[in-house]
Amino acid sequence: MSFSTKYIFILFLSLVFTSCTTDDNTKKDEQKPTISINYDEGFPQGCSQLVRGETYSFRAMVTDDVELASYSLDIHHNFDHHTHDDQEGSCSLDPKKTATDPWIFIENYSIEDGLTTYEINLSLTIPNDIDTGDYHCSFSVIDETGWQSRTSVDIKIIE
Amino acid sequence: MIHKVLSAWLFFSLCSMVFAQDSFQIKGLVINAKTLQPIEGANVIGKGLFSISSSTGTFTIENVARGTRSLTISHIGYSSNMVTIKVGPKMDSLTVALKESATQLQEVEVNGKSKKRQNQEYAAVTHTVSKDFLDKNRENSLMQTLKNIPGVSTINIGSGQSKPVIRGLGFNRVVVVQNGIKHEAQQWGNDHGLEIDQYGVETVKIIKGPASLQYGSDAIAGVVDIQALKLPLQNSLKGELNLLGENNNDLFGVSAGIQARKNKWFYRGRLTYRDFGDYKVPTDKINYENYVFELHDNNLRNTAGREADASFGIGYISDNIKSETTFSNVNAKNGFFANAHGLEVRSSSIDYDNSNRDIDLPYHKVNHFKITNNTSIAIGEHHLQLDLGYQNNHREELSEPVPHGYMPTPPDSKERIFDKNTYALNIRDSFSPNERHDLTTGVNLEYQDNNIGGWGFLIPAYNRFTIGVFAYDQFELHKDLHLLGGLRYDYGVLDSKSYYDWYPTTVNNSDGSTSYIYMQRAQNKTLDFGNISASLGLSYIHNTTTYKINLGKSFRMPLANELASDGVNYHMYRYERGNLDLDPESSYQLDLDIDHTTAAFSFGASPFVNLFENYIYLNPTSNYYETLQIYEYTQSQVFRVGGEIRASTTVLKNLQLNASAEYVYSRQTSGPKKDFTLPFSPPLSGLFSASYQFKNFLFFGEPEVKANYRITAAQNEIVPPEEVTQGYQVLNMAFSSKLSPFKSSMPVEMRVKLNNVFNTHYYDHSSFYRLIDVPEPGRNLSISLTVPF
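Residues numbered from 1 in each chain as written. Chains lettered and ligands numbered in written order. Predicted model: local features only at pLDDT ≥ 70, side-chain atom pairs only at ≥ 80, totals over all residues. Heavy atoms only, no water.

Chain B is annotated in an unreviewed UniProt entry as TonB-dependent receptor of Arenibacter aquaticus. Quoted verbatim from the Subcellular location (unreviewed entry) heading of the UniProt record, the comment on chain B is "Cell outer membrane". One UniProt comment on chain B, placed under Sequence similarities (unreviewed entry), says "Belongs to the TonB-dependent receptor family." (UniProt positions renumbered as here; feature names shortened; annotations may be inferred.)

Taking an unreviewed UniProt entry as the reference, chain A is identified by name as DUF4625 domain-containing protein belonging to Arenibacter aquaticus.

This is the structure in structure tokens:
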């Protein structure tokens, strides 16, 4: 008795387990988008020095296997050396200092529907009245599903 | 004052020792009067004499002086037996037969049935974990110890903290109960552990399934019920000292417990201290996205911690009343990995590698103070159980102040402070109108007062009041067929407090002007919820096989952060937005359980099917708030199926083999992440173990070697922002033995464990550090001693 019930149960259990793996055909987006500044026009490159009052094109290439949705650019000071970038080689940082009037650039943008490749290209003028010194510049991108990728680069803003 | 005197008395009276001369040895065997099977763990007590029966039922008392002695042999679930023997030369071995019975007042069911039989008749799928199992499998935290039970896993952060996960669901979906009172901390958080001293735990009941009927809101996936400690025997005084050392994180731990009972009054006390350094991982660098973190000496930087716990209990027992009041305090400080806090990569001028034992920023401190009173009163056919509890959970999360977004550099390192007071009262009446019914009715009341502080905002302050009334009946349809059915109604009110940023945010208005606004993150809101839960189950016992089927509906009230949060979680690079329109989560589950146990072989399977109408899910959207991804609390339908199988056999007399496997399949069947799984889904996993008990040699008693091999499949089922986790195989070895270096004393239990024998580099899909590609701890040698006195 007990042996037959045992086998029935094993059979039942294997049925439960196998029956539920059949609907896996649904295509799901399991890929993160990519983001890179490592191409000729990518800007800024690691350890770049940007001059106050000048205008620069901030450029990064983003791709996704399904559809891109939005991106953001965040530039904040690193006077306290709290973080570092993900680029090869490390930049020499100025001595630590207290921020008085640091530049904060925090913006996000949407990408038009249906694209799988896109070049972020933002023309920004570095304000004249901000603190010079070490800054951290980070790009990020989100795809339609909600996967996010980020890249960051250390830069210096000079007189 | 009386407590001080009592505790002083308790701790100074540890030093009593027994010396005897002209000595003989009493040998004996304790068996079940009905089945004639040996009884393990029976207390054998006489004046100045003490022993505990082994797994083969035998006991020995050394150094007994000549004369007539009385011994009382007792065991939970059996009525005690007193025997008188003449101690002298040519003594016969003693055989004591105990009759099953359970007229212990601490058990609410007074029906003369053994614990095992009661569990068989109880239709819900439960798993009882004994002190023996806890001792043998002890890991760094209580939950890591319980991980060896199929269907139970953990979400870990570092080596010292972990939270319970049952069949893939955790956080506020699993209730932890201690002494009948729900343990209330900040269990919603990713990086919060469980503030319970694992040395103060004897028996744990695990319910793998919906249990709102008895436990109320949150018991939607299961319950870890840490049961009240067993009553000390009359006129007894005993204690134990536990010592633990580990080499992976240079841990040392010491815990001392003592319990005593005169006739009607009893006392217990325990002190625990643990201190550990950074833990070692089998790699010298961590690659997280494009970042590379070099590790010094394989130490996972700044994961050291310490814990100091104390508890004291005093109780009274008479014929129809038993009452115990327990005071406990758990205090812990744990460091977090320094190179990345959450997902955020951090640089610091702190010299983390100077010492592997210091706890630098970021770290957290937590203090959990608890008073519980458990009183049971017998009035005729009624058994009244009152559980009263007060808890204060104070948590501080500290990190180096860093400006974020529009937030300037904060003034200090106090990022988040949570202070939560919880008051609970449970009243339950069990009544047997006749032999066949066991009717239980009850009411649960709970009030929470949660306050926040610090410069980082995640969840609003709130007050919450809940009340639940329930009734269930265990009905004996036939000697071997039992029905368990019940109904419950809960009502809750949540009152969230408004919160404004302490710094202004720059807002560009549509007319081209710019304003600087102190943003509002949470609103003053009062929300109320009502819910019905129910359960119906059958248990059928056929010879050595037990079949159970149970259908239950459980629920969970939305949490304050799910409803009202509106803030930035910088460490996770996300902006979390609550939703005031969330409904209580409700879940339907069908559980089956079959258990076949004979002396030589046992087999069990417990499959389940589960449907959530409205699972609350923190959904990563494709939009930003400033430059952080917006995560929104949404509700979706979820379908889950899975279960556990287990088998064990005694191949040779001393060789025992165990195997178990667990699997859960989860699918969101509606909502923005339709067809995706749920976060932290545990992969298919199997655990094989073999233990062999050798003959006694030298002063090693019952030496046992155990090998434990876990095989876990890859987890390819992920949801943003998770990553696929490869499968792994890990071998753990253990050696345990009873040491009797001095003939006059009780044996010392020794355990030597070698975890991750091959120093395997692998990832645990449900570890918090998995997100930043930190592997699991490397090889760890631990030695623990339990010295009874």
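Trainee: For this particular structure, what's the right way to read the nonpolar core?
Mentor: Nonpolar side chains tend toward joint burial in soluble globular proteins. In terms of nonpolar packing, the biggest core is built from 28 residues, with Phe58(A), Leu73(A), Ile75(A), Trp103(A) and Phe139(A) touching the most fellow members. Counting residues per element, the ones that place at least two in this core are strand 3 (55-63), strand 4 (68-77), strand 6 (117-125), strand 7 (133-143) and strand 8 (148-158) of chain A. Residues within four places of Phe58(A) in sequence aside, it is in contact with Phe43(A), Pro44(A), Leu50(A), Leu73(A), Ile75(A), Ile120(A), Asn121(A), Leu122(A), Leu124(A), Cys137(A) and Phe139(A). Judged by nonpolar contacts, the second largest core, of 26 residues, contains Met143(B), Leu146(B), Val152(B) and Tyr617(B). (Core = buried A, V, L, I, M, F, W, Y, C linked by side-chain atoms within 4.5 Å. Buried < 20%, exposed > 50% of the residue type's maximum accessible area, 1.4 Å probe, protein only. Helix = DSSP H or I, 4+ residues; strand = E, 2+ residues; numbered from the N terminus. Contact = heavy atoms within 4.5 Å.)

Trainee: How should I be thinking about the sheet that holds strand 1 (residues 34-36) of chain A in this particular structure?
Mentor: The strands making up a sheet associate through backbone hydrogen bonding, with each pair oriented either parallel or antiparallel. Residues and elements named next belong to chain A. Strand order in the open sheet formed by three strands is 1-3-6, with antiparallel pairing between adjacent strands. The sheet terminates laterally at strand 1 and strand 6, the two strands that pair on one side only. On average, adjacent strands in this sheet sit at an angle of 25° to one another, irrespective of strand direction. Taken together, the three bridges between strand 1 and strand 3 define a ladder with antiparallel strand orientation. Directly across from Ile-35, in strand 3, lies its bridge partner Val-62. (Pairing = 2+ DSSP bridges. Axes fitted to C-alpha atoms, helices over the stretch in contact; angles between N-to-C directions.)

Trainee: Honestly, the interface of chain A and chain B in this entry has me stumped. Any pointers?
Mentor: For interface size, the figure often reported is the accessible area lost on association. At the interface, 50 residues of chain A touch 55 residues of chain B. Buried surface at the junction of chain A and chain B, summed over both partners, amounts to about 4300 Å²; 59% is from carbon and sulfur atoms. Inspection of the region where chain A meets chain B yields one salt bridge. Glu717(B) is the salt-bridge partner of Lys28(A), the closest N and O atoms lying 3.4 Å from each other. (Buried area = accessible area lost by both parts, 1.4 Å probe. Salt bridge = Lys/Arg side-chain N within 4 Å of Asp/Glu carboxyl O.)

Trainee: Can you walk me through the state of the cysteines in this structure?
Mentor: Here a disulfide denotes one covalent bond, and it connects the sulfur atoms of two cysteines. Residue and element names in this part refer to chain A. Going through the model one piece at a time under the given rule, you end up with one disulfide over all chains. There is a disulfide in this structure between Cys-47 and Cys-91, and the S-S distance comes to 2.1 Å. Between Cys-47 and Cys-91, the S-S dihedral sits near -85°, and the bridge is therefore left-handed. One end of the pair, Cys-47, is in the loop between strand 1 and strand 2 (49-51); the other, Cys-91, is in the loop between strand 4 and strand 5 (105-110), with 44 residues separating them in the sequence. Judged by relative accessible area, Cys-47 falls into the partly exposed class, the value being 39%. Unpaired in this structure, Cys-137 has its nearest cysteine sulfur neighbour in Cys-91, at a distance of 12 Å. Of the residues examined, Cys-137 reaches a relative accessible area of 0% and is grouped as buried. (Disulfide = S-S within 2.5 Å.)

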